[in-house]
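A look at the structure
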Amino acid sequence: MRKIVYGVAVSLAMSLMAVAPVLAEEITTEQDTETVTEVVVRSLENCSYSNVKDLVYAGKRTLLKPEIKDGEITLVEGQDYECSYQNETKVGEATLTVTGIGNYSGTMTFNYNITPKKIKAKVVVKKKSFPYAKKKKYKPEIVVKDGKTVIPKSNYKVTYPKTKGIGTYTIKVRLKNNYRGTGKGKFQLVPYNTSIAKLTGTKKGFTILWKAMIGEKFNNFTGYEVVCSTEKNFKHKKSYKCSKSFRLIHAGKLKSKKKYYVKMRTFKIEGKKKYYFSSWSKVKTVKTK
């Protein structure tokens with residue numbers, strides 16, 4: 001029995017010796033090789049810059065945008081650096097701080113001046129016509145613009161004219177703070193209007209009676225204008241004028257048995273046939289005979 005055990009042991013040993021080199025070879029070939037890349041962080045202090053200058057006020061924020069280079073490489077905002085600003089919303093000295101991110105570290109600080117923007121201001125008068133009253137002061141609401149941008153009220157001073165009668169008046173605006181320049185807007189003082197009291201159809205025409213003008217209202221106009229049309233939009237119309245001494249007129253030479261739209265207003269003539277018209281009355285209708 002000893003011989004048999006010995007023989008088996010020898011056979012096993014020889015088998016293991018034959019397999020061992022193969023296992024060792026397989027383990028060696030399965031090993032992985034890793035490549036390590038070293039990241040070098042550079043300082044903004046070694047970079048150059050350009051396009052640093054004073055700027056003209058540009059609205060809500062006036063931002064300096066320098067060009068920063070690392071040799072021949074132009075750095076990109078948001079990738080290589082971030083910007084933060086102080087006092088960039090008004091005229092005066094502003095500060096830009098550039099902070100490195102990503103492959104860059106450190107900071108750069110730039111001071112720059114924001115100067116007032118010189119413009120011809122656009123003055124929009126919201127309501128351009130008012131009935132004239134002797135003791136009333138007129139200060140129409142306005143909006144001042146730089147192109148399409150509305151300028152805050154803190155950036156301009158308004159001078160309203162003294163009014164003394166029916167006519168055209170000028171509002172003057174002088175810019176300040178973030179702007180320099182002037183602007184003008186106009187409005188009119190016009191006669192008071194009356195209203196249609198009665199319309200009566202006649203043969204190929206109509207008779208119109210209006211409410212009487214009295215007191216100051218009567219003194220501040222020259223006459224009346226009546227307009228009629230078969231079209232509601234008054235695209236094609238016929239006009240009649242009369243002095244303020246009238247309260248009734250007959251409109252003739254119209255089409256028979258037609259519905260007419262009618263409106264009227266007052267007017268005053270100033271200087272060389274300069275007409276100032278009141279607003280229109282409410283439109284009424286009448287049918288000719």
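Now for a quick tour of the structure.

Basis of the calculations
Residues numbered from 1 in each chain as written. Predicted model: local features only at pLDDT ≥ 70, side-chain atom pairs only at ≥ 80, totals over all residues. Heavy atoms only, no water. Helix = DSSP H or I, 4+ residues; strand = E, 2+ residues; numbered from the N terminus. Buried < 20%, exposed > 50% of the residue type's maximum accessible area, 1.4 Å probe, protein only. Contact = heavy atoms within 4.5 Å. Areas by Shrake-Rupley, 256 points an atom, 1.4 Å probe, with all protein chains shown as cover. Core = buried A, V, L, I, M, F, W, Y, C linked by side-chain atoms within 4.5 Å. Pairing = 2+ DSSP bridges. Axes fitted to C-alpha atoms, helices over the stretch in contact; angles between N-to-C directions.

**Structural notes on the overall build of the protein chain**
- Within the protein chain one finds two helices and 26 strands.
- Taking all 289 residues of the protein chain together, the buried fraction comes to 34%.
- Counting contacts in the protein chain only where the partners sit at least 6 residues apart, residues at least 24 apart contribute 54% of the total.
- Within the structure as shown, the protein chain displays about 19700 Å² of accessible surface, and the carbon and sulfur contribution to it stands at 52%.

**Remarks on the nonpolar core**
- Ranked by size, the top nonpolar core spans 39 residues in total, and within it V98, Y112, I142, V144, L175 and F187 carry the most contacts.
- Sorting the residues of this core by element identifies β6 (81-86), β7 (92-100), β9 (107-115), β11 (122-125), β13 (142-146), β16 (167-175) and β18 (182-190) as the ones contributing at least two each.
- Look past the residues within four positions of F187 in its chain and what remains in contact with it is V125, K127, K128, F130, Y138, P140, P161, T163, G167, T168, Y169 and I171.
- Within the second largest apolar cluster, 19 residues are counted, among which are W210, M213, I249 and L254.

**Here we look at the pairing of strand β25 (residues 274-277)**
- As defined by bridge partners, strand β24 (residues 259-270) adjoins β25 across four bridges and the pair is classed as antiparallel. Residue pairing for β25: I269 is matched across the bridge by Y275.
- Count of turn residues in the β24/β25 antiparallel hairpin: three residues, of which G271 carries a positive phi of about 60 degrees.

**A word on the sheet that holds strand β4 (residues 67-70)**
- The strand order β2-β4-β5 describes an open sheet built from three strands, whose pairing is antiparallel. Whereas interior strands pair on both sides, the edge strands pair on one side only; in this sheet they are β2 (48-50) and β5 (73-74).
- Pairing of β4 with β5, which is carried by two bridges, proceeds in the antiparallel orientation. Looking at β5, one finds that D70 is bridged to I73.

**Brief notes about the sheet that holds strand β15 (residues 156-159)**
- One open sheet holds the four strands; their spatial order is β12-β18-β16-β15, and the pairing between them is mixed. The open sheet is flanked by β12 (129-131) and β15, the only strands paired with a single partner. The sheet shows a mean angle of 30 degrees between the axes of neighbouring strands, direction not considered.
- Relative to β16, β15 runs antiparallel, the two sharing four bridges. Each residue of the ladder has a partner; that of Y156, found in β16, is L175.

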